[in-house]
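# Coordinate inspection notes
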Amino acid sequence: AQSVAQPEDQVNVAEGNPLTVKCTYSVSGNPYLFWYVQYPNRGLQFLLKYITGDNLVKGSYGFEAEFNKSQTSFHLKKPSALVSDSALYFCAVSHTGGFKTIFGAGTRLFVKA
Amino acid sequence: GAVVSQHPSWVICKSGTSVKIECRSLDFQATTMFWYRQFPKQSLMLMATSNEGSKATYEQGVEKDKFLINHASLTLSTLTVTSAHPEDSSFYICSARSTSGGALGETQYFGPGTRLLVL
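Predicted model only: the values in this text are computed from it and were never measured. (Residues numbered from 1 in each chain as written. Chains lettered and ligands numbered in written order. Predicted model: local features only at pLDDT ≥ 70, side-chain atom pairs only at ≥ 80, totals over all residues. Heavy atoms only, no water.)

## Considering the overall build of chain B
Along chain B, the regular secondary structure elements total zero helices and 11 strands. Along the chain direction, N to C, the helices and strands of chain B fall in the order β-β-β-β-β-β-β-β-β-β-β. Scaling as 2.2 N^0.38, a compact globule of 119 residues should have a C-alpha radius of gyration of about 14 Å, and chain B matches this with 14 Å. Overall, chain B is about 45 × 25 × 20 Å in size when its C-alpha atoms are taken along their principal axes. Here chain B, with 119 residues, has 51% of them falling under the buried criterion. Across chain B, contacts joining residues at least 24 apart in sequence account for 56% of those joining residues at least 6 apart. If you sum the accessible surface of chain B, you get close to 5700 Å²; carbon and sulfur atoms cover 54% of it. Treating the 10 positive side-chain charges of chain B as one cloud and the 9 negative ones as another, the clouds have centres 5 Å apart. (Helix = DSSP H or I, 4+ residues; strand = E, 2+ residues; numbered from the N terminus. Rg over C-alpha atoms; globule rule 2.2 N^0.38 Å. Buried < 20%, exposed > 50% of the residue type's maximum accessible area, 1.4 Å probe, protein only. Contact = heavy atoms within 4.5 Å. Areas by Shrake-Rupley, 256 points an atom, 1.4 Å probe, with all protein chains shown as cover. Lys, Arg positive; Asp, Glu negative; His and termini not counted. Charge placed at Lys NZ, Arg CZ, Asp CG, Glu CD.)

Here it is, written out as structure tokens:
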């Protein structure tokens, strides 16, 4: 069975510092991995995804994520955090064949000025 | 990027009435749409998967007679909460997956959500 874990409920970081939001997954076969961001009272916005190819994926708003097959991880990163990055971040996994996507519990990111 | 709209964005209704929520993919065709429910400070709970032209597939524990889903076209799916009760109050989010292959093939695009309050 496929699963995804976000071990941190909350991440706090100062503006201008690098940020990392962790995600690990479990799936049979090759994974599709996604990051979404949710602002209050809004739906989820797609940030980036890994399907195949380069392990480092660059996405919207300066975010990037690195696929690490040996560690089954797909951590979200940004070199310099902004206050406006404060939101709820979801990691998600699926695999080929149109199977449903499983979402992690979410990690709330707080960026302090 | 692909855009998904939801209508209404919020609704207040009396207990016992029915509420219909629409989900539309605006600039792409979606063979598959998903309906989620999200409780405060929690992740998304998949309610059902809706495929155009066929019956929706409901997740375990979701009452199909209470949450009616219709996917009438490649751009529209509706969720009707029948005989709503206060415990149905929640944030409902739809998403759509494109029919096209390649980069869009597996990404889900989400609507902005509908907040339902049942009095």
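## Describing the confidence of the model for chain B
Scored by pLDDT, chain B has a mean of 88; 93% of the residues are at 70 or more. In this model, residues 101-105 of chain B is a region of pLDDT below 50 whose contacts with residues beyond four sequence positions or in other chains number seven contacts. (pLDDT = per-residue confidence, 0-100.)

## Things to note about the pattern of salt bridges
Residues and elements named next belong to chain B. If you walk through the whole model with that rule in mind, you get four salt bridges over all chains. A salt bridge links Lys-66 to Asp-88, with the nearest nitrogen and oxygen atoms 2.9 Å apart. With a gap of 22 residues between them, Lys-66 in the loop between strand E6 (57-58) and strand E7 (67-73) and Asp-88 in the loop between strand E8 (76-81) and strand E9 (90-98) connect regions that are remote in the sequence. Accessibility expressed as a relative area gives 13% for Lys-66, which makes it buried. Relative accessible area serves as the criterion here: at 4%, Asp-88 is assigned to the buried category. (Salt bridge = Lys/Arg side-chain N within 4 Å of Asp/Glu carboxyl O.)

## What to know about the nonpolar core
Residues A:Trp35, A:Leu47, A:Leu48, A:Phe74, A:Leu76 and A:Tyr89 are the most contacted members of the largest nonpolar core, which totals 27 residues. Put simply, the parts of the chain that give this core at least two residues each are strand E2 (10-14), strand E3 (19-21), strand E5 (31-38), strand E6 (44-50), strand E8 (64-68), strand E9 (73-78), strand E10 (87-95) and strand E12 (107-112) of chain A. Ranked by residue count, the leading element in this core is E10(A), at four residues. Not counting residues within four places of it along the chain, the set of residues in contact with A:Tyr89 comprises A:Gln6, A:Trp35, A:Tyr36, A:Val37, A:Leu47, A:Phe63, A:Leu76, A:Gly106, A:Thr107 and A:Leu109. Of all hydrophobic cores here, the second largest spans 26 residues; its members include B:Cys13, B:Val19, B:Met47 and B:Val118. (Core = buried A, V, L, I, M, F, W, Y, C linked by side-chain atoms within 4.5 Å.)

## Remarks on the environment of B:Gln38
Relative to the helices and strands, B:Gln38 resides in strand E4 (residues 30-38). Spatially, the C-alpha atom of B:Gln38 lies 17 Å from that of B:Ser5, the residues being 33 residues apart in sequence. At 2.8 Å, the side chain of B:Gln38 forms a polar contact with the side chain of A:Gln38. (Polar contact = N/O pair within 3.5 Å; in protein donor to acceptor, adjacent residues only side chain to side chain.)

## Concerning the side chain of B:Ser95
Residue and element names in this part refer to chain B. You can see Ser-95 is positioned in strand E9. For Ser-95, the side chain forms a polar contact with the side chain of Gln-108, separated by 2.6 Å. When neighbours within four sequence positions are excluded, Ser-95 is seen to be in contact with Thr-32, Met-33, Phe-34, Tyr-36, Gln-108, Tyr-109 and Phe-110.

## What to know about the sheet that holds E8(B)
Each strand in a sheet pairs with its neighbour through backbone hydrogen bonds, running either in the same direction (parallel) or in the opposite one (antiparallel). All names here are of chain B. Pairing in this open sheet of four strands is antiparallel, and the strands run E1-E3-E8-E7 from one edge to the other. Each having just a single partner strand, strand E1 (4-7) and E7 make up the two edges of the open sheet. On average, each strand axis in the sheet is inclined to that of its neighbour by 15°, with strand direction left out of account. Pairing of E7 with E8, which is carried by five bridges, proceeds in the antiparallel orientation. Each bridged residue has a counterpart across the sheet, and for Ser-73 the counterpart in E8 is Leu-76. (Pairing = 2+ DSSP bridges. Axes fitted to C-alpha atoms, helices over the stretch in contact; angles between N-to-C directions.)

## Some points on the pairing of strand E5 (residues 44-51) of chain B
The two faces of the sheet receive side chains in turn, since in a regular strand these alternate between them. Residue and element names in this part refer to chain B. With respect to burial, E5 is a largely interior element, six of its eight residues being buried. In this sheet, E5 lies alongside E4 in antiparallel orientation, the contact comprising seven bridges. The residue bridging Met-33 from the neighbouring strand is Ser-50, located in E5. If you look at the hairpin formed by E4 and E5, you'll find five residues sitting between the two strands, and Lys-41 has a positive phi there, around 60°.

## Brief notes about the interface of chain B and chain A
Listed as interface residues are 22 residues of chain B and, on the opposing side, 20 residues of chain A. For the pair chain B and chain A, the summed buried surface comes to about 1600 Å²; carbon and sulfur atoms form 50% of the total. Counting every contact that joins chain B to chain A gives zero salt bridges. The interface formed by chain B and chain A contains five residue pairs in polar contact (both at pLDDT 80 or more). At the level of secondary structure, the elements contributing two or more residues to the side of chain B that touches chain A comprise E4, E5, E9 and strand E10 (108-110) of chain B. Of the residues belonging to the side of chain B that touches chain A, the class tally is 10 nonpolar, seven polar and five charged. (Buried area = accessible area lost by both parts, 1.4 Å probe. Nonpolar A, V, L, I, M, F, W, Y, C, P; charged D, E, K, R; others polar.)

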